[in-house]
Amino acid sequence: MSTDFQTARVALGARLRELRTDAGLNGKELASRLVWQPSKVSRLENGKQTATAADLEAWAVAAGASDAVDDLLARLRNLEAQHQSWRRQLSAGHRAVQERIGAEQQVTTKWRGYETSVIPGLFQTPDYARHVFLHGSSVHRSPQDTEDAVRARMRRQDVLYESGKTFRVLLWEAALHVMLCPPEAMAGQLDRLAGLIGRDNVELGVIPLGAPAATTMKHGFWIFDEQRVTVETVSVELRLDGAQDIELYQRVWDRLNQAASYGAAAHRLIARARTGLPST
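Since we're looking at a predicted model, the values are computed, not measured. (Residues numbered from 1 in each chain as written. Predicted model: local features only at pLDDT ≥ 70, side-chain atom pairs only at ≥ 80, totals over all residues. Heavy atoms only, no water.)

Turning next to the overall build of the chain. If you tally the helices and strands in the chain, you get 12 helices and seven strands. On the principal axes, the C-alpha backbone points of the chain span a range of 70 × 40 × 35 Å. Scored against the burial criterion, the 280 residues of the chain give a buried share of 48%. For the chain, the distance from the average site of its 35 positive side-chain charges to the average site of its 33 negative ones is 4 Å. (Helix = DSSP H or I, 4+ residues; strand = E, 2+ residues; numbered from the N terminus. Buried < 20%, exposed > 50% of the residue type's maximum accessible area, 1.4 Å probe, protein only. Lys, Arg positive; Asp, Glu negative; His and termini not counted. Charge placed at Lys NZ, Arg CZ, Asp CG, Glu CD.)

In structure tokens, the structure reads:
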């Protein structure tokens, strides 16, 4: 199934093709006017490459359709809202991202999440979060504003104590064993998780490694108010708000939930992970 992002990119490409054909140009002729390789024209028209603002402005001028620039740029802004690169988001460090997420979650009342290899930010301790940000800065070569980012993430967690907010979160058991931080920090993180079990507004399920699976584990994702889904990849954050995408992720979450352990059984899985930590 195509994502909303890819569907919108294909639609943008179709609009570019329409402008070209309306101008009576074939692909090679337009490429010549733009001093581009013909393959770039083809990739943009077929939704295989995302245009830049400069690409769109040059295309409209070359096709004699300068009045189409505003529409093309609006379509690009819609694309970028759905497909936000971490390189761009982290250009000023992690703090700004945390503050943006914090503002968004103020208007969210219902969370459903699933993580495969990391403890969710809302449940992280300062020590664990610190190492997550350090790893992120290293991978993305972004500014290290680690302590500011940790404080911003901790402020985000105030939402856990606001009335009317509910959190249904699934963790694959593997996330309890991934050593992103030293053993003593991981011990504190596991204790924090155990302490969340039983809260009235938090349902924390742990999917055991050996549990029968109704679907593949794949990647983490979050569903907000059943109206929007976010998926984080290594390079981008995808934001999906199409009805089909939302329904798909709801269905996957429900299937994952079938294999999850709750309450005392989840406590035992967390305790087993803590017992297995390397001695310090």
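The biggest cluster of nonpolar side chains holds 32 residues, and the ones touching the most others in it are Phe123, Phe167, Leu176, Leu190, Leu193 and Leu204. Broken down by secondary-structure element, the contributors of at least two residues to this core are helix H8 (126-140), strand E3 (166-172), helix H10 (183-196), strand E4 (202-207), strand E5 (221-224) and helix H12 (263-275). No other element matches H10, which puts seven residues into this core. (Core = buried A, V, L, I, M, F, W, Y, C linked by side-chain atoms within 4.5 Å.)

The next point concerns the pairing of E5. Here E5 shows no split at all, with Phe221 and Ile223 on one side and Trp222 and Phe224 on the other all buried. Two strands pair when backbone bridges link them, and E5 and strand E6 (residues 228-232) are joined in this way by three bridges, in the antiparallel orientation. Looking at E6, one finds that Trp222 is bridged to Thr230. What sits between the antiparallel neighbours E5 and E6 is a turn of three residues, in which Asp225 has the positive phi angle 55°. (Pairing = 2+ DSSP bridges.)

Bringing the environment of Leu76 into the picture now. When you line up the elements, Leu76 lands in helix H5 (residues 69-82). Put simply, Leu76 and Lys218 are 142 residues apart on the chain and 29 Å apart in space, counted from C-alpha to C-alpha. Ignoring any residue separated from it by four or fewer positions in sequence, one finds Leu76 in contact with Thr50, Ala51, Thr52, Ala53 and Leu56. (Contact = heavy atoms within 4.5 Å.)

This structure, assessed with the given rule, holds 24 salt bridges. For Glu104, the salt bridge goes to Arg100, with nearest N and O atoms at 3.3 Å. Residue Glu104 and its partner Arg100 are both found in helix H7 (residues 94-105); the two are separated by four residues, about one turn of the helix. Residue classification places Glu104 among the partly exposed residues on the basis of a relative accessible area of 24%. Arg100 sits in the partly exposed class, given a relative accessible area of 21%. Members of the salt-bridge network, linked through shared partners, are Arg95, Glu99, Asp148, Arg151 and Arg155. (Salt bridge = Lys/Arg side-chain N within 4 Å of Asp/Glu carboxyl O.)

Once that is clear, we can look at H8. Between its first and last C-alpha, H8 extends 21 Å over 15 residues, near the 21 Å set by a 1.5 Å rise per residue. Residues of H8 that are buried include every one of Tyr128, Ala129, Val132, Phe133, Gly136 and Ser137, and no others. Lining the buried residues of H8 we find H7, helix H9 (146-156) and H10. (Expected span 1.5 Å × (residues − 1).)

Bridge count between strand E2 (residues 110-115) and E3: six bridges; the pairing is parallel. Residue pairing in the sheet places Lys110 in a bridge with Thr166 of E3. Relative to E4, E3 runs parallel, the two being bridged by six bridges. Counterpart to Val169 in the pairing with E4 is Leu204. In this region the chain leaves E3, passes through H10 and returns to the parallel neighbour E4; the handedness of that crossover is right-handed. (Right-handed = clockwise from strand over helix to strand, strands pointing away.)

Right, let's get into the environment of Val61. As for its placement among the helices and strands, Val61 is situated in helix H4 (residues 53-62). With a relative accessible area of 54%, Val61 lands in the exposed category. Once the C-alpha coordinates of Val61 and Arg33 are considered, the two residues, 28 residues apart in sequence, prove to be 9.8 Å apart.

It is at 10 Å that the axes of H10 and H12 come closest, and there the two elements cross at 170°. The angle between H10 and H12 places the two elements in the roughly antiparallel class. Contacts from Ala187, Leu190, Asp191, Leu193 and Ala194 in H10 reach His267, Ile270, Ala273 and Arg274 in H12. A class-by-class count of the residues in the contact of H10 with H12 yields six nonpolar, one polar and two charged. (Axes fitted to C-alpha atoms, helices over the stretch in contact; angles between N-to-C directions. Parallel < 35°, antiparallel > 145°, perpendicular 65-115°, else oblique. Nonpolar A, V, L, I, M, F, W, Y, C, P; charged D, E, K, R; others polar.)

This brings us to unusual backbone geometry. One non-glycine residue with positive phi stands out, namely Val35, at about 60°. Topologically, Val35 is positioned in the loop between helix H2 (27-34) and helix H3 (38-45). Phi is positive for Asp225, which is not a glycine, with a value near 55°. By secondary structure assignment, the location of Asp225 is in the loop between E5 and E6.

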